[in-house]
Amino acid sequence: ITVREEHLKKPGEQILVWSWYRSGEQRTTSSLKVKFLRIRGLLLGGYQGAAVKALATEVGGDLESARSRLSQAIIASQFDQYWPEITGPDEQKGGQ
């Protein structure tokens, strides 16, 4: 999947956040799509749970190093076992 990338800033600090949603076996960066997936699951016969996954790190002046830390955290936490196709920031506004 592609992750949604957000930059949170306040004086003297910048945080990089990667997030995505999961509903059943589907993954997306779009909150609208995850709502659709939940409704579709309910209509097709049952409960369709959903979750948001998010990771964050301080940027510390080097955005690429921050991205690398997030990638390493995903691998170390075995997120890659469940989401092996994490590719990096979503380039499209609003996700997929």
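Residues numbered from 1 in each chain as written. Predicted model: local features only at pLDDT ≥ 70, side-chain atom pairs only at ≥ 80, totals over all residues. Heavy atoms only, no water.

Draft legend 1. Fine view of the environment of Arg27. Tracing the chain through its elements places Arg27 in strand 3 (residues 26-28). Take Arg27: its relative accessible area is 27%, and that puts it in the partly exposed class. Between the alpha carbons of Arg27 and Val52 there is a distance of 9.6 Å; along the sequence they are 25 residues apart. (Helix = DSSP H or I, 4+ residues; strand = E, 2+ residues; numbered from the N terminus. Buried < 20%, exposed > 50% of the residue type's maximum accessible area, 1.4 Å probe, protein only.)

Draft legend 2. Geometry of the confidence of the model for the protein. Per-chain confidence: the protein averages 79 in pLDDT, with 78% of residues scoring 70 or above. Considering each helix and strand of the protein separately, the mean pLDDT is smallest for helix 3 (residues 79-82), with a value of 52, and largest for strand 1 (residues 4-10), with 92. Between residues 91-96, whose pLDDT stays under 50, and residues either more than four places distant or in other chains, the model counts 11 contacts. (pLDDT = per-residue confidence, 0-100. Contact = heavy atoms within 4.5 Å.)

Draft legend 3. Summary view of the environment of Leu37. Within the fold, Leu37 resides in helix 1 (residues 31-43). What makes Leu37 buried here is its relative accessible area of 5%. Sequence-distant contacts of Leu37, that is, excluding residues within four places in its chain, are made with Ser23, Gln26 and Gln48.

Draft legend 4. Molecular detail of helix 1. The first and last C-alpha atoms of helix 1 sit 19 Å apart over 13 residues, in line with the 18 Å expected at 1.5 Å per residue. Of the positions making up helix 1, those classed as buried are Val34, Leu37 and Gly41. The arc that holds every buried residue of helix 1, seen down its axis, measures 55°, which confines them to one face. Exposed residues on helix 1 whose side chains face more than 90 degrees from its buried face are Leu32, Lys35, Phe36, Leu42 and Leu43. (Expected span 1.5 Å × (residues − 1). Arc of directions from axis to C-beta.)

Draft legend 5. Spotlight on the pattern of salt bridges. For the structure shown, the criterion picks out 4 salt bridges. We note a salt bridge from Glu6 to Arg4, for which the minimum N-O separation is 3.9 Å. For Glu6, a relative accessible area of 31% corresponds to the partly exposed category. Here the salt bridges do not stand alone but share partners, grouping Glu5, Glu64 and Arg67 into one network. (Salt bridge = Lys/Arg side-chain N within 4 Å of Asp/Glu carboxyl O.)

Draft legend 6. Main features of helix 2 (residues 63-76). For helix 2, with 14 residues, the first-to-last C-alpha span of 20 Å sits near the 20 Å given by 1.5 Å per residue. Among all positions of helix 2, only Ala66, Arg67, Leu70 and Ile74 are buried. All buried residues of helix 2 project into a common sector of 100° when viewed along the axis, lining one side. In helix 2, those exposed residues whose orientation departs by more than 90 degrees from the buried face are Glu64, Gln72, Ile75 and Ala76.

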